[in-house]
Amino acid sequence: MKSLFSYFIVILAVIYWIFRVIVSLMYSMSVDFICQPINPTLEIILLFLTIPSIIFIIRRNLVATTLYFGMYAAYFGTIVYNSLTNVSTEAENLVFTDSTSIMISALGIVIPFLVFADVAIQKSRFHPADRNTDWYFENEKYERKFDERADRNQYKIK
């Protein structure tokens, strides 16, 4: 990760994961909170699967990022779709909790999409170039030439 945007997106994903842990914890303690999980068991499974996904996101693994985006899009996409269909059929009964739930769930789709787009688009993932060392290691002019009379034994002290 070389760009500030990559760091920002990963930090945002971690903050969103912590928020979802708090939501699940509040739901399990039967405390009213801003939003509630639709399927608590599935959300806890999703939270545990997110931990290795975030580690692989930091390591810039495209497969793990795709799985992270797919998991979150499948879970929060159904929540957003169901909420939007409920809002469209009952437009006069739009409550603050419904609109907050829609926005938080939409954020659960947008953040993994940004992570996926960042990892997929980043060009340095395919050929990492580092100007600090490439001038030496990518240049044959600086390769060490051995003299044929040189001692090639590797002495080791026992």
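The structure we're discussing is the one just above.
Please read all numbers here as calculations on a predicted model, not as lab measurements. (Residues numbered from 1 in each chain as written. Predicted model: local features only at pLDDT ≥ 70, side-chain atom pairs only at ≥ 80, totals over all residues. Heavy atoms only, no water.)

A. Inspection of unusual backbone geometry at higher detail. The backbone phi angle of Ser30 is positive, close to 60 degrees, even though this residue is not glycine. With respect to the helices and strands, Ser30 occurs in the loop between helix 1 (4-28) and helix 2 (40-58). The backbone of Arg60 sits at a positive phi, close to 65 degrees, despite the residue not being glycine. Secondary-structure assignment places Arg60 in the loop between helix 2 and helix 3 (62-89). Using a relative accessible area of 11% as the deciding quantity, one classes Arg60 as buried. (Helix = DSSP H or I, 4+ residues; strand = E, 2+ residues; numbered from the N terminus. Buried < 20%, exposed > 50% of the residue type's maximum accessible area, 1.4 Å probe, protein only.)

B. Summary view of helix 1. Spanning 25 residues, helix 1 covers 36 Å between terminal C-alpha atoms, matching the ideal 36 Å at 1.5 Å per step. Following helix 1 by one or two positions, Ser30 has its phi on the positive side, about 60 degrees. (Expected span 1.5 Å × (residues − 1).)

C. Main features of the side chain of Ser105. By secondary structure assignment, the location of Ser105 is in helix 4 (residues 96-121). Taking the relative accessible area as the measure of exposure, Ser105 reaches 4% and is therefore buried. If we skip the residues at most four places from it in the chain, Ser105 touches Tyr16, Phe76, Ile79 and Val80. (Contact = heavy atoms within 4.5 Å.)

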